[in-house]
Amino acid sequence: MVFKETLRLHPPLVLSIPHLAQKHIKIGGYDVYPNTRIQVNVFAIGRDPETWKNPEEFYPERFENEAIGIDFGGQDFELLPFGSGRRVCPGMTMATAAFEFALGNLLYHFDWKLPDGMETEDLSMEEELGLTVYKKIPLCLVPIKHI
Ligand code: HEM
């Protein structure tokens, strides 16, 4: 749920990799002609208020409540951080395992606190655009070992 919510709010690829329409299609009333470059705005989809309740809020539990059943496998068009269809990300399972393994270990072995004098409200969630999106101001935390 934490991984899903992180990818909903902060998809590393804000716009999907460009695709070309091979033939004339109509989507939502719009004509898309052959060879038109298509990029899906994954960021906007993940924050669409018509789909997500309080879209700007980080709330992993939404995936066991109102958003139950929505997954990032490419079948649910509300959440497309790995794309969809024939060119869907083949690294999805590996990315999920790596994330869960890393986060699980970090939380199992350490408690985390903010550096002296810093409050949660001081944390910046601003993003910088590169090949993928990353935090503009790196996250700085103090680990407290408890195991
Ligand atoms: C959180 C981590 C990751 C995210 C959010 C992500 C996201 C994406 C997205 C959005 C695409 C484009 C899908 C499309 O065109 O519809 C893609 C393609 C791809 N990803 Fe990932 N990816 C991640 C991790 C990985 C990892 C770990 C690997 C490899 C070990 C990987 C390998 C690839 C490859 C090879 C493609 C191109 C597939 C093709 O065009 O046929 N990705 N990824």
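All values derive from a computational prediction rather than experimental measurement.

1. Focus: the UniProt feature "binding site: heme" (unreviewed entry) in the protein chain
The residues that UniProt annotates with the feature "binding site: heme" (unreviewed entry) are Cys89. Note that Cys89 resides in the loop between α2 (42–46) and α3 (92–109).

2. Describing the site of the ligand
In the vicinity of the ligand there are 14 residues, among which His19, Pro81, Phe82, Arg87 and Cys89 approach most closely. Take His19: an N or O atom from its side chain is 2.6 Å from an oxygen atom of the ligand. At 2.7 Å from an oxygen atom of the ligand is found a side-chain nitrogen or oxygen belonging to Arg87. Classifying every residue of the shell around the ligand by side-chain character gives nine nonpolar, four polar and one charged.

3. Thoughts on the confidence of the model for the protein chain
On average, the protein chain scores 94 in pLDDT, and the residues at 70 or more come to 99%. Complex prediction metrics read pTM 0.91 and ipTM 0.95.

4. What about the nonpolar core?
Ranked by size, the top nonpolar core spans ten residues in total: Phe3, Leu7, Trp52, Phe63, Ala67, Ile70, Phe72, Leu79, Phe82 and Met92. Apart from the residues lying within four places of it in its own chain, the contact partners of Trp52 are Arg8, Ile45, Gly46, Arg47, Arg62, Phe63, Ala67, Ile70, Glu78 and Leu79.

5. Some points on the packing of aromatic side chains
On inspection of all chains with the given rule, the structure shows six aromatic pairs. Aromatic side chains Phe3 and Phe99 sit 4.3 Å apart centroid to centroid with 25° between the ring planes, which places their arrangement in the stacked category. Of this pair, Phe3 sits in helix α1 (residues 2–9) while Phe99 sits in helix α3; the two residues are 96 residues apart in sequence, bridging distant segments of the chain. Classification of Phe3 by relative accessible area gives buried; the value is 10%. Positioned above the aromatic ring of Trp52, the side-chain terminus of Arg8 is 5.2 Å from the ring centre.

Rules used throughout
Along every chain, residues carry numbers that run from 1 in the direction the sequence is written. At least 70 in pLDDT is required for a residue's local features to be given in this predicted model, at least 80 for side-chain atom pairs to be given and counted, and no such filter applies to totals for whole chains, interfaces and linings, which use all residues. Hydrogens and water molecules were not included; the side-chain quantities draw on all heavy atoms of the structure. UniProt positions are given in the numbering used here, feature names are shortened, and annotations may be inferred rather than shown by experiment. Starting at the N terminus, helices and strands are each numbered in turn, a helix being any DSSP run of H or I of at least four residues and a strand any DSSP run of E of at least two. Note on definitions. A residue lies near a molecule or strand when any single heavy atom of the residue is within 4 Å of it. As used in this structure description, the phrase polar contact means that two N or O atoms lie within 3.5 Å; if the pair is within protein, one of them must be able to donate a hydrogen and the other to accept it, and residues adjacent in sequence are counted only when both atoms belong to side chains. Residue polarity follows a fixed list, in which Ala, Val, Leu, Ile, Met, Phe, Trp, Tyr, Cys and Pro are nonpolar, Asp, Glu, Lys and Arg are charged, and the others, Gly among them, are polar. Per-residue confidence from the predictor is given as pLDDT, running between 0 and 100. Joining through side-chain atoms within 4.5 Å is the link that ties buried Ala, Val, Leu, Ile, Met, Phe, Trp, Tyr and Cys residues into a set, and such a set is a nonpolar core. Throughout, exposure labels follow a simple rule: accessible area from a 1.4 Å probe, protein chains only, divided by the maximum for the residue type, with under 20% read as buried, over 50% as exposed, and the rest as partly exposed. Any two residues whose heavy atoms approach within 4.5 Å at even a single point are treated as in contact. Here the aromatic set is Phe, Tyr and Trp, taking the six-membered ring for Trp, and pairing holds for ring centres within 6.5 Å; pairs whose planes are under 30 degrees apart are stacked, those over 60 apart are edge-to-face, and all others are tilted. For a lysine, the NZ atom is tested; for an arginine, the CZ atom; a charge sits over a ring if that atom is within 6 Å of the ring centre and within 35 degrees of the ring normal.

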